[in-house]
Structures are given as C-alpha cells and as structure tokens.
Amino acid sequence: MASNTKLPQDNLTRRQYKDDVYFMSVALMFAKKSPDPSTQVGACIVNEGGEIVGVGFNKMPDGCEGKFPWKHDTEDEDPLNTKGMYVCHAELNAIVNKTSVDVKGCTIYVTLFPCNECAKLIVQSGIKNVVYLSNKHKERNGTKAAFRILDEASTPKNIICRQFESKQDVRDLLDSIDPFAE
Ligand SMILES: O=c1[nH]c(=O)n([C@H]2C[C@H](O)[C@@H](COP(=O)(O)O)O2)cc1CO
C-alpha cells in the first residue's frame, strides 16, 4: 500500500490499518477450514504486542464431527436437528484455543459480526477490540442483542467495536503471495 494512500478509516494509524489487513486475512484463511456448508467464519486474536494468540473457525465440538446435522433452522422444525444447537462458533474456538494465559486487552478479528453468546464471551474474557467484516445477520435478534452487549459494556470496559472496510486490500495481499518466489 502506497504511503500516500488515504486510509479508509480516518481514525486509524497506518500501522493499525496494515495490521487490520493482515489479521483479517488470517481470520479469512481460517474461515476456509470451516465445514459449515453455508457460512464459514474465522477469528484471529491478537495481543497488544501484535502477536497472534488464538485462531478459530466454526465447527462441531471435538469428537462430534460428522455426528450432527449442518441443517439450518429453516430446514427442520425440530431445533435438535439443526446445527445451531451444536456448532462451536469461531470466536469461542479462538478464545479456548488461546496460546496465552488470557486474552485481556486483545483484539479479535472476526469475519462475521458476533452473536450474543460470543459477545458475552468476548466481554467476559477481557478482549478490548472487536474488528468484524460481514454483518449479514444484522436483522437477527442474536445480532441485535450482541450489539447491545458490546455497546453497554464499552463504557466501563473500553471496548471498541468497528467494521473492517478494506476488502480490496485483503484481496491484494492474498493475490500478492507467491509461495514459490525465490
Ligand atoms: O459470530 C458468529 N460466529 C460463528 O462462528 N457463526 C457460525 C455459526 C454457524 O456455523 C454459522 C452461521 O450459519 P448461518 O449463516 O447459516 O446461520 O456461522 C455465527 C456467528 C454469528 O451469527
């Protein structure tokens, strides 16, 4: 990215902006590992020193792969036959897979705006920044409740939640990778 390029989000430093592009790219790559046939979500947690301390994607609980349906709740009226009851969200997996003692003060990059359950986890774990890409489920009550949780918690806990706006820079970064370059 040329140094005179206008930052898409004016309140970000150039360093923060570049970090956003790198870490959202990591979250997107992990999303590709998700077996969910309809929505693959990835999350990447970064500490205040700029180190990745957790990654995750949405998947069934360990040992339960292939044992529960990937059906959406619109496809079966019995909730027990739908994925929502069983799937572990990307944020949960990233938090429980952490390589550090805790994730206090960290930033979570997530490819989809968190649901209410993940918003609770994020707040309780001490994560300070949430950077999300898509908000395709904004009409869902879970998403609306998550907004409320993050918003209300932001005053005492200083949580900052913002949308990632640099999709083209992620494409450019990933396109520029040549694993065989000398
Ligand atoms: O924050 C999230 N993190 C996350 O991993 N997910 C997962 C759960 C499901 O596997 C999938 C959502 O599926 P769908 O878009 O078909 O409702 O994304 C969903 C959300 C928010 O809804």
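Note on numbering: residues in each chain are counted from 1, in written sequence order. Under the rules for a predicted model, residues below a pLDDT of 70 receive no local features and side-chain atom pairs below 80 are neither given nor counted, while totals for whole chains, interfaces and linings still include all residues. The basis for the side-chain values is all heavy atoms of the structure; hydrogens and waters are excluded.

If you look the protein chain up in an unreviewed UniProt entry, it shows as Deoxycytidylate deaminase from Hemibagrus guttatus. UniProt positions are given in the numbering used here, feature names are shortened, and annotations may be inferred rather than shown by experiment. Recorded in UniProt under Cofactor (unreviewed entry), the annotation for the protein chain is "Zn(2+)". Among the UniProt annotations of the protein chain, the heading Sequence similarities (unreviewed entry) holds the following wording: "Belongs to the cytidine and deoxycytidylate deaminase family."

A. The arrangement of the UniProt feature "domain: CMP/dCMP-type deaminase" (unreviewed entry) in the protein chain in detail. Taking the numbering used here, the UniProt-annotated feature "domain: CMP/dCMP-type deaminase" (unreviewed entry) corresponds to residues 18–150. Helix and strand labels come from DSSP, where a helix needs a run of H or I of at least four residues and a strand needs a run of E of at least two; each type is numbered from the N terminus. In residues 18–150, helix accounts for 31% and strand for 17%; the two terminal C-alpha atoms are 24 Å from one another.

B. Region of the structure containing the pattern of salt bridges. Salt-bridge detection follows one rule: a side-chain nitrogen of Lys or Arg within 4 Å of a carboxyl oxygen of Asp or Glu. Applying the stated criterion across every chain yields a total of seven salt bridges. Salt-bridge contacts for Asp36 lead to Lys83; the nearest nitrogen and oxygen are separated by 2.8 Å. Of this pair, Asp36 sits in the loop between α1 (14–31) and β1 (42–46) while Lys83 sits in the loop between β2 (52–57) and α2 (90–96), and the two are 47 residues apart along the sequence. In this scheme, a residue with accessible area under 20% of its type's maximum is buried, one over 50% is exposed, and one in between is partly exposed, where area comes from a 1.4 Å probe on protein chains only. The class for Asp36 is buried, based on a relative accessible area of 5%. The exposure class of Lys83 is buried, given its relative accessible area of 9%. Among the salt bridges present, the one from Lys71 reaches Asp76, with a minimum N-O distance of 2.7 Å. Three or more residues are tied together by salt bridges with common partners; here these are Lys59, Asp62 and Glu65.

C. Molecular detail of the packing of aromatic side chains. Pairing of aromatic side chains requires ring centres within 6.5 Å, counting the rings of Phe and Tyr and the six-membered ring of Trp. Pairs whose planes differ by under 30 degrees are stacked, by over 60 edge-to-face, and all others tilted. Summed over all chains, the structure comprises four aromatic pairs. Arranged with centres 5.5 Å apart and planes meeting at 45°, the rings of Phe23 and Tyr109 form a pair that is tilted. Here Tyr109 lies in strand β3 (residues 107–112) and Phe23 lies in helix α1, a separation of 86 residues in the sequence. Through pairs of rings, three or more aromatic residues link up here, namely Phe113, Tyr132 and Phe147.

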